[in-house]
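Chain by chain, the residues:
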Amino acid sequence: MTDNEKRALIAEAVSAARRAYAPYSGFSVGAALLLRDGRVFTGCNIENASYSVTVCAERVALFSAVAQGARDFAAIAVVGSSDGDFTRPCPPCGVCRQALAEFCDPDSFTVILADGDEVRELALCELLPHSFGEQLK
């Protein structure tokens, strides 16, 4: 991916974050999940008064894609902020990392984060070494 393509994916994640429903934490998260065929699925965090019902942006995007038959994932851009500044890195939580590991190749799937004027890229295996399920494959 080029830097411009990564920034475009981050922009889609920011757009999704602006649709978040986060009245309890005040922290809006957006994700843009890129398929190898170029399609993008977005998601935002959706909170609930019963906190265990809350769902993260990354899983909203992932589950939406899977529900529509998508399985060939290339990358995900994730942003988050409590003040509208989506330029600080916001890596996926552990639950989302595990959910991504279920469907994505940990060595080739890329997690893209905004970091000021820079774009950071991490392989999923860097964020979740020894994921649960590896021993089952």
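Scroll up to find the structure this text is about.
Residues numbered from 1 in each chain as written. Predicted model: local features only at pLDDT ≥ 70, side-chain atom pairs only at ≥ 80, totals over all residues. Heavy atoms only, no water.

> What should I look at first to understand the packing of helix α2 (residues 57-67) against helix α3 (residues 94-103) in this one?
With their axes 9 Å apart at the nearest point, α2 and α3 run at an angle of 25 degrees to one another. Considering their axes alone, α2 and α3 lie roughly parallel with respect to each other. Here α2 runs over α3; the crossing is left-handed. Along the contact surface, α2 presents Glu58, Arg59, Leu62 and Val66, while α3 presents Val95, Cys96, Ala99, Leu100 and Phe103. The residue makeup of the contact of α2 with α3, split by class, is 7 nonpolar, no polar and 2 charged. (Axes fitted to C-alpha atoms, helices over the stretch in contact; angles between N-to-C directions. Helix = DSSP H or I, 4+ residues; strand = E, 2+ residues; numbered from the N terminus. Parallel < 35°, antiparallel > 145°, perpendicular 65-115°, else oblique. Left-handed = near helix turned anticlockwise from the far one by under 90°. Contact = heavy atoms within 4.5 Å. Nonpolar A, V, L, I, M, F, W, Y, C, P; charged D, E, K, R; others polar.)

> What should I look at first to understand the sheet that holds strand β4 (residues 110-115) in this one?
On the basis of which strands lie adjacent, the open sheet formed by 5 strands has the order β2-β1-β3-β4-β5 and mixed pairing. The sheet terminates laterally at β2 (40-44) and β5 (118-123), the two strands that pair on one side only. Ignoring which end each strand starts from, the neighbouring axes of this sheet average 20 degrees apart. Taken together, the 8 bridges between strand β1 (residues 28-35) and strand β3 (residues 73-81) define a ladder with antiparallel strand orientation. Each bridged residue has a counterpart across the sheet, and for Ala32 the counterpart in β3 is Ala77. (Pairing = 2+ DSSP bridges.)

> Please clarify how the pairing of β1 should be interpreted in this entry.
For a regular strand, side-chain orientation follows a simple rule: the groups alternate between the two sheet faces. Of all the 8 residues making up β1, 8 are buried; the element is thus mostly covered by neighbouring parts of the structure. The hairpin formed by β1 and β2 contains 4 residues between the paired strands, and Gly38 there has a positive phi angle of roughly 100 degrees. (Buried < 20%, exposed > 50% of the residue type's maximum accessible area, 1.4 Å probe, protein only.)

> Just to check I follow, could you spell out α2 for this structure?
Given 3.6 residues per helical turn, the α-helix brings residues three or four places apart onto the same face. Turning to α2, its buried residues are Ala57, Glu58, Arg59, Ala61, Leu62, Ala65 and Val66. In this structure, the buried residues of α2 make contact with β1, β2, β3 and α3. Two residues or fewer after α2 comes Gly69, characterised by a positive phi angle close to 90 degrees.

> Mind showing me how you'd approach the nonpolar core here?
Ranked by internal contacts, the top residues of the largest apolar core, which has 25 residues, are Leu33, Phe73, Ile76 and Phe109. Broken down by secondary-structure element, the contributors of at least two residues to this core are β1, α2, β3, α3, β4 and α4 (124-127). In terms of residue count, the dominant contributor to this core is α2 (5 residues). Ignoring sequence-local partners within four residues, the contact set of Leu33 consists of Arg39, Val40, Phe41, Ala61, Leu62, Ala65, Phe73, Ala75, Ile76 and Phe109. Formed by 15 residues, the second largest nonpolar core is a distinct cluster that contains Ala17, Ala77, Val79 and Val119. (Core = buried A, V, L, I, M, F, W, Y, C linked by side-chain atoms within 4.5 Å.)

> Please explain the environment of Arg19 as it appears in this structure.
Among the structural elements, Arg19 can be located in the loop between α1 (3-17) and β1. Along the sequence, Arg19 and Glu5 sit 14 residues apart, while their C-alpha atoms lie 22 Å from each other. Sequence-distant contacts of Arg19, that is, excluding residues within four places in its chain, are made with Thr42 and Cys44. There is a polar contact of 3.4 Å between the side chain of Arg19 and the side chain of Thr42. (Polar contact = N/O pair within 3.5 Å; in protein donor to acceptor, adjacent residues only side chain to side chain.)

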